[in-house]
Amino acid sequence: MLENLTGRLQQVIKQLRGQARLTEDNIQDALREVRMALLEADVALPVVRDFIAHVKERALGRDVLQSLTPGQAFIQVVYEELTALMGGQNTALNLATVPPAVILMAGLQGSGKTTSSAKLARLLKQQKKKVLLASADVYRPAAIEQLKTLAAQLQTDFFPSDRGQKPRDIARAALDHARRHFHDVLIFDTAGRLAIDEAMMAEIKELHGLLQPVETLFVVDAMTGQDAVNSAKAFSEALPLTGVILTKLDGDARGGAALSVRHVTGAPLKYIGVSEKMDGLEPFHPERMASRILGMGDVLSLIEQAQKNVDLEEAKKLADKVKSGKAFDLEDFKMQIRQMRDMGGMGAFMDKLPIQMAQAAGKVNPEEGDRALRRIEGIINAMTPAERRNPDIIKASRKRRIAAGAGVQVQEVNRLLNQFEEMQKMMKMLSKGGLGKLMRAMQGRFPGWGR
Amino acid sequence: MFDIFKKKHESTKLDQPLSWAERLKAGLARTRDTLNTPISELLRGGKIDDALYEELESLLLMADCGVAATQALLEEVRSQVSRSALKDATALRSALRQAMTALLAPLEQPLDTRSHTPFVIMLVGVNGAGKTTTIGKLAWKLQHEGKSVLVAAGDTFRAAAREQLEAWGARNNVHVVASTGGDPAAVIFDAVNSAKAKGIDVVIADTAGRLPTQLNLMEEIKKIRRVIGKALPGAPHEVLLVLDANTGQNAVMQVKAFDDALKVTGLVLTKLDGTAKGGVIAAIAKTRPIPVRYIGVGEQIEDLQPFRAAEFSEALFA
């Protein structure tokens, strides 16, 4: 999602190679590129200026350590500043209060408040909280029904309200309901409003006063442009914001709004919306975002996701197998493919790899990669267990049968068997130790990644 | 130009509380404030220097015009200065405004629905851009012009999107074709057929919001377009991409992606009544000049107005 910014910075860094010291002269171009990149990423101009000034001040006169190139030294400064700007550490929701803990959602029209409310409810429900969803959006037709439908999908309690009611009455009644039914958390969705709409801003201030929320979350679209600073400023002046949810980050927006909003409100970014589906809400990790911008990849997120979705037992079995030097067979191959898919497919996977690796792999369309993976799985499924365990027995006649069973050409079966052989070699290399060796061998040989 | 619509405003005052120009100006007031105040301050000196250029650059950038369009616009006035066609800062400012108008002028092509009956309009856009709200306003507008309108609730994905349209349709006396869940292409196919049978003038098809990176959803919408063509050869006659004025440079990517997939024939720029500047239109004019059919300048049903380049940049710089 932030590849473009990443790519730009990589370019800048190349130009800085071979200099012994960061000086006014040699970082001038680099700073200009950073400025342009940030502007194109929709970071608001005042924020960009501030940021550039900081980076310049900190970078100037910095001696380049022997172990670092000037480019690396510069990147380090940019990285540190970016992380600082995005708020240092990840801050979780603070629900430590006498229940019900109220979460108030606020934002512009179409920023994704209702969807985020439901996603948040799902997340809290997973943490064994009893959640009540309520909506005071009496303005947009069917907004309340939208939340109601989502609540039903999630099997979460929903406080019914209708368009004839006043938002303040809904707030009072919902809070009362949450108290009497011992809900741990009340998530209160509100109508989208413009920061310059004084009547509407007064309304949400009143709601805030009534509900006394422990968390007031500002929901902002990652595609927002320069105006993010204005709306964020107005909202943070009207409400004591405790956090920000950045939505629609699965698009190709560069997400510069994250920097702007953080800079203006001072409130930490708590969650990011990464899919239309209900599980598409992830905790925001500033240090990861910063390293991602700089092309270091979001490896930590990837590992976390892997832990969540990959069957640990199966993974362990495979690891044992590799260690014990036993043959890596087609069953294992299939299992790996399935796990990759469970992690969100090739696209999600590549999105999180460090830039160099992603570029090496990136010449392929992830969508195509996914399709290739599905086909491979189909072909393996058409084999008998004996064939999967011992692919050597697959000769012409068996190949024809498998091809017919999977609905593919015989050539594709051949290709799969060849790829599998490569994979087997790689696994042997891995068992002999040396991930580096494996990475070199992997260049262009991953199943479905180009041929 | 300004005088013209001031007069128009007075003459229409009786039946409308505010003229559209006033609404637009009110909507763009913030834009004007940011663009105007600092410039006027700068211009008091009247000298053309680097500080002036830098300030102008900042103003354009902060209006979301984007790096490329901003540089192009400034380059243009700069060359005029070097030819000494511009003497002082005031002249420079009006030259900049003219450059902006010239850049936006090709986008000023109003939508004409008379060419076909039924005229099929398909609305597309990212999530939360304002498609469904725009449909409401558009249907009202067309009905006001004496056309019969049918709306197809093609957003079968988002919870209660159909209810939103139906609730709105009931209030405004517009027939909404919908079905629970199911295939959006089928819903729209039915709507087009029913419009043909009933002799309806305009069919407006809603679609679910989607991000251009969701390739399967982009395939789905291509299919919807194909299916509309099957119901009525030559349709859809208009593919409108709805853009949120709050969007930054990503709007350019959206235009490219949707245009590549669907051949977008017009744009609608919504939510111009906030503090957002909508300057990204300039960036779009530079990279993919697709006509801007309408701009949304308020939440009221009549707040959908035709785009006029001169007035837009006038209001932007006034």
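Cut-offs applied
Residues numbered from 1 in each chain as written. Chains lettered and ligands numbered in written order. Predicted model: local features only at pLDDT ≥ 70, side-chain atom pairs only at ≥ 80, totals over all residues. Heavy atoms only, no water. Helix = DSSP H or I, 4+ residues; strand = E, 2+ residues; numbered from the N terminus. Buried < 20%, exposed > 50% of the residue type's maximum accessible area, 1.4 Å probe, protein only. Contact = heavy atoms within 4.5 Å. Areas by Shrake-Rupley, 256 points an atom, 1.4 Å probe, with all protein chains shown as cover. Buried area = accessible area lost by both parts, 1.4 Å probe. Salt bridge = Lys/Arg side-chain N within 4 Å of Asp/Glu carboxyl O. Polar contact = N/O pair within 3.5 Å; in protein donor to acceptor, adjacent residues only side chain to side chain. Phe/Tyr/Trp six-rings, centres within 6.5 Å; stacked < 30°, edge-to-face > 60°. Lys NZ or Arg CZ within 6 Å of the ring centre and 35° of its normal. Expected span 1.5 Å × (residues − 1). Arc of directions from axis to C-beta. Pairing = 2+ DSSP bridges. Axes fitted to C-alpha atoms, helices over the stretch in contact; angles between N-to-C directions. Domains from an automatic or database assignment.

Observations concerning the overall build of chain A
From N to C terminus, chain A includes 21 helices and eight strands. Within chain A, buried positions represent 53% of all 451 residues. Sequence-distant contacts in chain A: of pairs separated by 6 or more residues, those separated by 24 or more amount to 74%. As displayed, chain A has an accessible area near 20300 Å², and 50% of this comes from carbon and sulfur atoms.

Describing the interface of chain B and chain A
At the junction of the two partners, chain B supplies 40 residues and chain A supplies 38 residues. Note on chain B versus chain A: buried area summed over both sides is about 3400 Å², and carbon and sulfur give 56% of it. On the surface where chain B and chain A come into contact, there are one salt bridge. The partner of B:E57 in a salt bridge is A:R35, with the nearest N and O atoms 3.9 Å apart. Put simply, chain B and chain A have 10 residue pairs in polar contact (both at pLDDT 80 or more) between them. Elements represented by at least two residues in the side of chain B that touches chain A include exactly α4 (50–62), α5 (67–82), α8 (161–172), α10 (215–231) and α11 (250–262) of chain B.

Concerning the packing of aromatic side chains
A ring pair, where both rings are aromatic, is described by two values, the distance of the centres and the angle of the planes. Residue and element names in this part refer to chain B. As enumerated under the stated definition, the model contains two aromatic pairs over all chains in all. Between F307 and F312 the ring centres are 5.2 Å apart and the planes differ by 55 degrees, which places this aromatic pair in the tilted class. Note on accessibility: F307 and F312 belong to one class, buried. Across the ring face of Y53, the terminal group of R78 is positioned such that the distance to the ring centre comes to 4.0 Å.

Re unusual backbone geometry
The peptide bond linking A:P99 to A:P100 adopts the cis configuration, its omega dihedral lying at 0 degrees. Within the secondary structure, A:P100 sits in the loop between α4 (70–86) and β1 (101–107). Here the amide bond leading from B:A235 into B:P236 is cis, since omega sits at -5 degrees, within 30 degrees of zero. Along the polypeptide, B:P236 turns up in the loop between α10 and β5 (238–244). Of note, A:A142 is a non-glycine position whose phi angle comes to about 65 degrees, a positive value. Assignment of secondary structure puts A:A142 in the loop between β2 (131–135) and α6 (143–154). If you check the backbone angles, A:Q212 has positive phi at about 45 degrees while not being a glycine. As for its placement among the helices and strands, A:Q212 is situated in the loop between α8 (198–211) and β5 (215–221).

Things to note about helix α9 (residues 184–198) of chain B
All names here are of chain B. Here α9 is 15 residues long and its end C-alpha atoms lie 21 Å apart, about the 21 Å a rise of 1.5 Å per residue gives. For α9, the set of buried residues is P184, A185, V187, I188, A191, V192, S194 and A195. Buried-residue contacts for α9 involve β1 (119–125), β2 (149–152), β3 (175–177), β4 (202–205) and α10. Note on α9: the residue one or two positions beyond its end, G199, has a positive phi of about 70 degrees.

Section: α8(A)
Residue and element names in this part refer to chain A. Taking 1.5 Å of rise per residue, 14 residues should cover 20 Å, and α8 covers 20 Å from first to last C-alpha, within 8% of that figure. Taken together, the buried positions of α8 are M200, M201, E203, I204, L207, H208 and L211. The arc that holds every buried residue of α8, seen down its axis, measures 155 degrees, which confines them to one face. Those residues of α8 that are exposed and angled more than 90 degrees off the buried face are E198 and A199. Taken together, the buried residues of α8 touch β1, α7 (167–180), β4 (185–189), β5 and α9 (228–238). Backbone geometry just downstream of α8 places Q212 in the positive-phi region, at approximately 45 degrees.

A look at the pattern of salt bridges
Counted by the stated rule, this structure contains 26 salt bridges over all chains. A salt bridge links A:R388 to A:E331, with the nearest nitrogen and oxygen atoms 3.5 Å apart. Placement of A:R388 in helix α18 (residues 385–389) and of A:E331 in helix α14 (residues 330–342) is noted, with a sequence separation of 57 residues between them. The exposure class assigned to A:E331 is partly exposed, which follows from its relative accessible area of 30%. Between B:K147 and B:E145 there is a salt bridge, and its shortest N-O distance comes to 3.7 Å.

Things to note about the side chain of B:K271
For B:K271, the position within the fold is in the loop between β6 (266–270) and α12 (280–287). Judged by relative accessible area, B:K271 falls into the buried class, the value being 13%. Engagement of the side chain of B:K271 in a polar contact is seen with the backbone oxygen of A:Q109, the distance being 2.8 Å. If near-sequence neighbours (up to four positions away) are discounted, B:K271 is found in contact with A:Q109, A:G110, B:G128, B:A129, B:D244, B:A245, B:N246 and B:G296.

Quick notes on the sheet that holds strand β7 (residues 292–296) of chain B
All names here are of chain B. Taken in spatial order, the eight strands make up an open sheet running β3-β2-β4-β1-β5-β6-β7-β8, and their pairing is mixed. Bordering the open sheet on either side are β3 and β8 (304–306), each of which pairs with just one other strand. Neighbour-to-neighbour, the strand axes of the sheet open up by a mean angle of 25 degrees, direction not taken into account. Here β6 runs beside β7; their pairing, made up of three bridges, is parallel. In the strand pairing of β7, L269 is matched with I295. Across the sheet, α10 is in contact with β1 and β5; its angle to β1 comes to roughly 180 degrees.

Looking at the domain arrangement of chain A
All names here are of chain A. Each assigned domain of chain A is listed here: domain 1 (3–85), domain 2 (101–289) and domain 3 (301–445). Contact residues are listed per partner, giving 15 residues for domain 1 and 15 residues for domain 2. Of the roughly 1300 Å² buried between domain 1 and domain 2 on both sides combined, carbon and sulfur atoms contribute 57%. Where domain 1 touches domain 2, the interface holds zero salt bridges. At the surface where domain 1 touches domain 2, the tally comes to four residue pairs in polar contact (both at pLDDT 80 or more).

Examining the side chain of A:T114
Residue and element names in this part refer to chain A. Inspection of the secondary structure assignment puts T114 in helix α5 (residues 113–126). A relative accessible area of 7% places T114 in the buried class. Side chain to side chain, T114 and D189 meet in a polar contact 2.8 Å long. Aside from chain neighbours lying at most four places away, what touches T114 is R140, Q146, L147, L150 and D189.

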